[in-house]
Structure formats: structure tokens, C-alpha cells
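# Tertiary structure, described
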Amino acid sequence: MLNSIKNAQAVLLPQIEVDFSNLKYEIAKILERRGLVGKVAKSGKKTTKTLEIVLKYDDKIPAISGMKRVSKPGQRIYLPAQKIKSVRGGYGISIISTSKGLMTGSEAKKQNLGGELICEIW
């Protein structure tokens, strides 16, 4: 999903559709709350569910300038709450999977929760 967003913004597409999963939906909702994407909507039924994400641009400049998948299937990265750092000097967000669900790095740090560092977006 992250690569789809990056590729779509490179060619200035207004929206994208990706296959639905709860993890992708929660990541997209976090991006929507932070104002990095426009609107997030589920569509379809059962096996054909998709996730529609409206991308945001500011005068043909994408709202998301970069993103990086940190924890990968081959090497999972787990962090305690004390080791969660800011992304790009506070200009970006990190998304962490905690025992209380997905949240940004700053939210997890406030709640003193550690977890798996999914990705960083700036």
C-alpha cells in the first residue's frame, strides 16, 4: 500500500484503490487524521473489498514527501516506549503497532506503550 501511494503521487493520480485489510485500513485512517491523505473509504463486499484513498496535493506537490517501511517480514523491529524517536526532526510520523492497536509514535510514547515499528512517513 505504501508503494502504491508513493507511485500514485509521483504521477499525480487523484486517488488509488488497494486490496482491503484491517492493517491497511488503520494505517490509512491514521494518515487521514494527520491530514496526509484526503478521504479513506471501504468499498465492495466480502472477497472483493477494496480501500479507496483520495490523495492530497498542495499545488501539484504531494502532501507525503517520503515514506519508509521499517519492520519487514524478514526482520521485525520492536521498540520500547523510551526508544521511540521523532521522525525527521518532528516533521514526520512513525506508525507503531501496540497492544492497544495502531497509533503514531507520539501517541504511543504518551501512553508509555512500545511495539512494532511499522513505517515512517514524512
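The following refers to the structure shown.

Conventions used here
- Residues numbered from 1 in each chain as written.
- Predicted model: local features only at pLDDT ≥ 70, side-chain atom pairs only at ≥ 80, totals over all residues.
- Heavy atoms only, no water.
- Helix = DSSP H or I, 4+ residues; strand = E, 2+ residues; numbered from the N terminus.
- Expected span 1.5 Å × (residues − 1).
- Buried < 20%, exposed > 50% of the residue type's maximum accessible area, 1.4 Å probe, protein only.
- Contact = heavy atoms within 4.5 Å.
- Core = buried A, V, L, I, M, F, W, Y, C linked by side-chain atoms within 4.5 Å.

Between its first and last C-alpha atoms helix α2 (residues 22–33) spans 16 Å; for twelve residues at 1.5 Å apiece the expected length is 16 Å, and the two agree. For α2, the full list of buried residues reads Tyr 25, Ile 27, Ala 28, Ile 30 and Leu 31. In the core, the buried residues of α2 are packed alongside α1 (2–10), β2 (37–43), β3 (50–55), β6 (93–98), β7 (101–104) and β8 (115–121).

What follows concerns the nonpolar core. Soluble, globular proteins show a tendency: their nonpolar side chains are buried together. Of all hydrophobic cores here, the largest spans 26 residues; its most connected members are Ile 5, Leu 31, Leu 51, Ile 53, Ile 95 and Ile 121. Mapped by element, the contributors of at least two residues to this core are α1, β1 (15–19), α2, β2, β3, β6 and β8. Ranked by residue count, the leading element in this core is α2, at five residues. If near-sequence neighbours (up to four positions away) are discounted, Ile 95 is found in contact with Ile 27, Ile 30, Leu 102, Met 103, Glu 116, Leu 117, Ile 118, Cys 119 and Ile 121. Core analysis: the next-biggest nonpolar cluster, separate from the first, contains six residues, Ile 84, Ile 96, Ala 108 and Leu 117 among them.

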